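# Examination of the molecular architecture
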Amino acid sequence: MSQPGDRPYDIVGVGFGPANLALAIALEEHNVRAAPADRLSAVFVERQPEFGWHRGMLLEGATMQVSFLKDLVTLRNPASGFTFLSYLKERGRLVDFINHKTFFPARTEFHDYLSWAAGGVEHLVRYGTEAVAVGAVEDGGDVTGFTVTVRDPSGVERVLRARDLVIGGGLRPSLPEGVRPSERIWHNSDLLTRLKEHEGPAPERWTVIGAGQSAAEVADHLHRAYPAAEVCAIFARYGYSPADDSPFANRIFDPVAVDHFYAAPDEVKERLFDYHRGTNYSVVDLELIEELYRRSYQEKVRGRERLRILNTCRVLEVREIAGGVRTAYEFLPTGERIELDSGVVICATGYRPYDVAGLLGPAAGLCERDERGRIRVERDYRVTTVPGVRAGIYLQGGTEHTHGITSSLLSNGAVRAGEIFDSLLVRRSEPAAPASPETVAVG
Ligand code: FDA
Ligand code: NAP
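Residues numbered from 1 in each chain as written. Chains lettered and ligands numbered in written order. Predicted model: local features only at pLDDT ≥ 70, side-chain atom pairs only at ≥ 80, totals over all residues. Heavy atoms only, no water.

## Concerning the site of ligand 1
Threshold: Any residue with at least one heavy atom within 4 Å of a molecule or strand is counted as near it. In protein, a polar contact means a hydrogen-donor-capable atom and an acceptor-capable atom, both N or O and within 3.5 Å, with residues adjacent in sequence counting only if both atoms are side-chain atoms; elsewhere, any N or O pair within 3.5 Å suffices. Note on areas: these come from Shrake-Rupley sampling with a 1.4 Å probe, and a residue is covered only by the protein chains present in the view. Per the convention used, a helix needs a DSSP run of H or I reaching at least four residues, while a strand needs a run of E reaching at least two, with both numbered from the N terminus. For this classification, the nonpolar set comprises Ala, Val, Leu, Ile, Met, Phe, Trp, Tyr, Cys and Pro, the charged set comprises Asp, Glu, Lys and Arg, and every other residue, Gly included, is treated as polar.
Taken together, 30 residues form the shell around ligand 1, and within it Glu46, Trp53, Gln65, Ser408 and Leu410 come nearest. Leu410 has a polar backbone atom sitting 2.8 Å from an oxygen atom of ligand 1. For ligand 1, the accessible surface in isolation is 980 Å², of which the surrounding protein chains cover 91%. Going through the elements one at a time, helix 1 (18-33) and strand 4 (130-139) are the ones with two or more residues in the shell around ligand 1. Across the shell around ligand 1, the residue classes break down as 15 nonpolar, 11 polar and 4 charged.

In structure tokens, the structure reads:
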């Protein structure tokens, strides 16, 4: 996996989710065609032991929120061997899938597709390897590359050297302020793992906080999987709100929308974001809303309501008590404080962007900031750096403030990967750091 000679890698990628996987494929497709001198060397580090895409939420019956045509490659290169259709063909399901007449495969199937694609570029990835620190490589007063300290599960640290860095660390689970995850307080991102590990009898009551796609899927899953249990859904809205996936609004996910958003002044960016927040945030697929309503109504008819919707309720406190969790919430119309005890509370309360500055450490000082302290990013997803930095830091994700709503999503992943790859290729003529690609740092 190390580089021949004394050259650093052209690219070190942090994280190997769909975003950096799409980039690895763009790079691989370039390398197989290019003359040896024009090939780019890369390694991607991924802390999970194998490829995994939100494994904790691979719920039975959950479908994709994006067309299969927005896979890892099609919008960049429909002739690629890494399309979802190529995957289907190889799995022997192409005709069956066509008869299925859907654009939205099950998440489990798309996970299998992503794993299959990751298998095709396995030589570029180190699994079970976490990037823990980044340093700048200086040459004659200029920054000409980066070091990335990586740690394997046994604690051994190594240092990788790269000219350019592509950070694709994904999102971080977000819990309500003051709430800490525990034995009985989970974030939905860990749902299936925690259910598997959960010891003792299943709770008689589950509480799910939130009204987004995750919250609705979790409520649905628990309600089906534990037919004797009560599932209480707490959220501030009046009801789950449907995701706007109508065709005109869907254009906010088009590649050209990134150009428009990027060029727009801040107040226009904010307005566009507010108009179309409902294409992605705090919203639920209409079919699932209707299914939950149908079940809730049938329970009313039967006289035993297991699915309890506690709407217009603001969560005040979530804390462990003996044998369970107490959730205090306020019924917003009256201000009444109510307490609810359950066996487990699942916070389906969304995600925050990756902590880029945290990973960069002191090297974050090389990034320019806007007047609100946010990292400045060029159109090609390269961080704007202070003068004297000739190496690149590229962001896959964390660019919602500059590039718009597709920043953390799959929709534009293929095109974004192509744009980043083109930029990496064009800018490689800038001199690289004269250091060896890899050294052992700490035993
Ligand atoms: P992603 O989070 O997938 O990958 C980041 C990777 O980086 C992870 O594997 C992580 O382990 C690794 N990593 C982080 N820090 C690291 C470090 N320091 N060192 C090494 N590795 C590190 N979007 C959409 O458009 N359509 C959809 O259908 C869905 N569906 C969906 C379902 C669920 C349950 C969730 C939670 C989210 C979605 N999304 C979605 C949005 C989602 O963000 C998107 O599908 C991709 O996961 C984004 O891919 P990334 O590679 O950017 O992040
Ligand atoms: P989300 O859309 O951000 O929704 C978070 C929910 O939590 C919202 O209802 C929000 O309240 C609530 N919330 C946030 N902070 C809270 C707090 N402090 N107290 C109480 N409630 C709080 O997050 P998500 O549902 O996890 O979805 C994230 C992304 O993953 C989306 O892109 C979604 O499409 C995707 N996803 C896809 C699938 C799939 O493909 N099948 C499945 C799950 C998720 P408000 O309602 O007041 O905003």
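## Section: the pattern of salt bridges
Side chains that differ in sign of charge can pair as their charged atoms come close. Basically, it comes down to this: When a carboxyl oxygen of Asp or Glu is within 4 Å of a side-chain nitrogen of Lys or Arg, the pair counts as a salt bridge.
Using the criterion set out here, one finds 28 salt bridges in the structure. One salt bridge in this structure joins Arg55 and Glu50, with 4.0 Å as the shortest N-O distance. Overlapping salt bridges, with partners in common, bring together Glu317, Arg319, Arg326, Arg337, Glu339 and Asp341 in one network.

## Describing the site of ligand 2
Surveying the vicinity of ligand 2 reveals 20 residues, the closest of which are Ser214, Glu217, Arg237, Asn280 and Ser282. Within the contact set of ligand 2, an oxygen atom lies 2.8 Å away from a backbone nitrogen or oxygen of Ala211. For ligand 2, an oxygen atom lies 2.6 Å from a polar atom in the side chain of Ser214. Considering ligand 2 on its own, with 930 Å² of exposed area, one finds that the protein chains cover 74% of that surface. The biggest single contributor to the shell around ligand 2 is helix 6 (residues 213-225), with 3 residues. Looking at the shell around ligand 2, its residues break down into 7 nonpolar, 10 polar and 3 charged.

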